[in-house]
Amino acid sequence: MNVYDSERIIRLLKPEGFIRTDFPEKADLIILNTCAIREKAEQKAFSFLGRLSKLKKKNPELLVGVGGCVAQQEAEKALSRVPSIDFVFGTHAVPRIAEIINRVEVEGRRIVDVKMSDEINESGRGVDDTENSTVSRFVTIMRGCDNFCTYCVVPHVRGSEASRKPDSIVNEVKALVDAGVREVTLLGQNVNSYGTKEGLCSFPELLSRVNDVTGIGRVRFTTSHPKDMSDELIDSFQNLDKLCNHIHLPVQSGSDRVLKKMNRKYTRDQYLDKIMRLKKVCPDIAITSDFIVGFPGEMEDDFQETIKLIETVGYDGLFAFKYSDRPSAPARSFSGKVPEDIKKKRLKVLLELQESITAEKNKMLVGQTVQVLVEGFSKKQGNETLTDKLGKTQWSGRTVAHKIVNFYGSDENENLPEISIGQLVDVRIEKALAHSLWGICTHIDHDTRDEKGDKHYAA
Ligand code: SF4
């Protein structure tokens, strides 16, 4: 969500004459887009902002802004905490960013804009060449959350749930495809409840419309709340040819007692039932998840339930974090806080288990041919492509299961035409590494070239 918002900020500031720089010391304006989901992320944001005071001393004209969830949460308090901040803008103030900067310059004073609104911006993010990836983009379909999990700040800092209209989402996807994008990820805090409040179409219906956009190569979505995952959505993995066989389904804990305290509104068995149905409809589906260890009151037995769940599901990957108190989240006042050393130990056990599962799963891919969306070169320095020890270019991309694959292209296989970014290619996996796969391209799809052989998707 923050990557998407940052891209939007860049696009909105371009007409104001701002261009990106990779060197903070050369910047006239520095904006930090923050995350409040964990205490550590918030601490890092404030320490970064503190360090900017040195740059401000060197260049008093430099403007510093802070946006995102920490900005929404802290508002005026952020100004008193960090003297170098010139403006604070909340999660709903992104469309007003140019106006806010203008006001800071004209009025010569510090500004806080954390006003929230019920309206959702229908214009989306649009297409822009200043963004990071030319082939894979996020498309936000909704904003906010109404679920109020007891550990989470999102409903408080991003507001209540609101969905964009399906036509404007589909039009945004069409525009992205026309600009060369091949993969879109539909974004929302809980995509499964898309459109329910507004009486729009269901999420599976929206997915089907996006799947039908001519030229789209892959469709993904995130995040999906298990309690709202319908059979219709599960069937989409069988019915929609562009939908990647990958689902991120955060469970957070394997213990019913902890799930109840988290207000997740599903039990371990209900979650496992959905996983089984997904695997039945799509046997090779990749499943990833989120976990919190050391939630208040989590006992060793609860943690062991989590471990057993991970073994039962056999995740392809997961994100796991130690619980931390967040302002405005009810769990802050829960008793039974787990000591830091126990949280740390549990996190280590969990991550080591997952590492061995991932390694096993990756090993099983050796010798198989997988489809990869070419995203770029595996080794780059600035705009220069670096060759490996053998003097060859290595390409990089992702499988439908979102695994990173680095591979040799046509310089290894003379029968292949030249590869370009944005193509869907077949890669034979030769090696499974700890965090990626390595292979050799065996086939390049031809629908990315016209009859004359010209590439449609240039690097
Ligand atoms: S579903 Fe729960 S964890 Fe996810 S954003 Fe909403 S409140 Fe937070």
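An account of the accompanying structure is given in this report. (Residues numbered from 1 in each chain as written. Predicted model: local features only at pLDDT ≥ 70, side-chain atom pairs only at ≥ 80, totals over all residues.)

A word on the overall build of the chain
Reasoning step 1: Check the secondary structure of the chain and you find 13 helices and 19 strands.
Reasoning step 2: The C-alpha radius of gyration computed for the chain amounts to 23 Å, which stays within 12% of the reference 23 Å derived for 459 residues, consistent with globular compactness.
Reasoning step 3: Viewed in the frame of its principal axes, the chain has a C-alpha envelope of about 65 × 55 × 50 Å.
Reasoning step 4: With 459 residues in all, the chain has 36% of them scored as buried. (Helix = DSSP H or I, 4+ residues; strand = E, 2+ residues; numbered from the N terminus. Rg over C-alpha atoms; globule rule 2.2 N^0.38 Å. Buried ≥ 20, exposed ≤ 12 C-beta atoms within 10 Å, placed from the backbone.)

Notes on the site of the ligand
Reasoning step 1: Surrounding the ligand, one finds Cys145, Asn147, Phe148, Cys149, Cys152, Val154, Pro155, Gln189, Asn190 and His225.
Reasoning step 2: Counted by class, the shell around the ligand contains six nonpolar, four polar and no charged residues. (Near = placed C-beta within 6 Å. Nonpolar A, V, L, I, M, F, W, Y, C, P; charged D, E, K, R; others polar.)

Side note on the sheet that holds strand β3 (residues 87-89)
Reasoning step 1: If you walk across this open sheet you meet the four strands as β1-β2-β3-β4, and the pairing is parallel. Looking at the sheet topology across the chains shown, the edges are occupied by β1 (29-34) and β4 (111-113). Here the strands of the sheet are splayed against their neighbours by 15° on average, with no regard to which way each runs.
Reasoning step 2: Sheet topology note: the β3/β4 ladder contains three bridges and is parallel. Looking at β4, one finds that valine 88 is bridged to valine 112. (Pairing = 2+ DSSP bridges. Axes fitted to C-alpha atoms, helices over the stretch in contact; angles between N-to-C directions.)

So, the sheet that holds strand β17 (residues 404-408)
Reasoning step 1: The sheet built from five strands closes into a barrel, its strands ordered β13-β16-β17-β19-β18 with mixed pairing. In this sheet, adjacent strand axes meet at a mean angle of 55° when their direction is disregarded.
Reasoning step 2: As judged from the four bridges shared by β17 and strand β19 (residues 437-444), these two strands associate in the parallel manner. When the bridges of β19 are listed, tyrosine 408 appears paired with isoleucine 440.

Things to note about the nonpolar core
Reasoning step 1: Within the largest apolar cluster, 51 residues are counted, with the highest numbers of intra-cluster contacts made by Val88 and Tyr151.
Reasoning step 2: Looking at this core element by element, the count peaks at four residues for strand β11 (residues 286-293).
Reasoning step 3: Each of domain 1 (2-113) and domain 2 (136-364) accounts for three or more of the residues forming this core.
Reasoning step 4: Leaving out residues up to four positions away in the same chain, valine 88 has contacts with Val66, Ala71, Ala75, Ala78, Leu79, Val112 and Val114.
Reasoning step 5: Judged by nonpolar contacts, the second largest core, of 42 residues, contains Phe138, Met142, Leu206 and Val210. (Core = buried A, V, L, I, M, F, W, Y, C linked by C-beta atoms within 7 Å. Domains from an automatic or database assignment. Contact = placed C-beta atoms within 7 Å.)

Here we look at the packing of helix α7 (residues 166-178) against helix α8 (residues 203-211)
To characterise two packed helices, one gives the angle between the axes of the helices and the distance between these axes.
Reasoning step 1: Look at α7 against α8: their axes get within 10 Å of each other, and the N-to-C directions meet at 30°. Classed by the angle they form, the pair α7 and α8 counts as roughly parallel. Here the hand of the crossing between α7 and α8 comes out right-handed. Along the contact surface, α7 presents Pro166, Ile169, Val170 and Val173, while α8 presents Leu206, Arg209 and Val210. (Parallel < 35°, antiparallel > 145°, perpendicular 65-115°, else oblique. Left-handed = near helix turned anticlockwise from the far one by under 90°.)

Keep in mind these numbers describe shape, not what the thing actually does.
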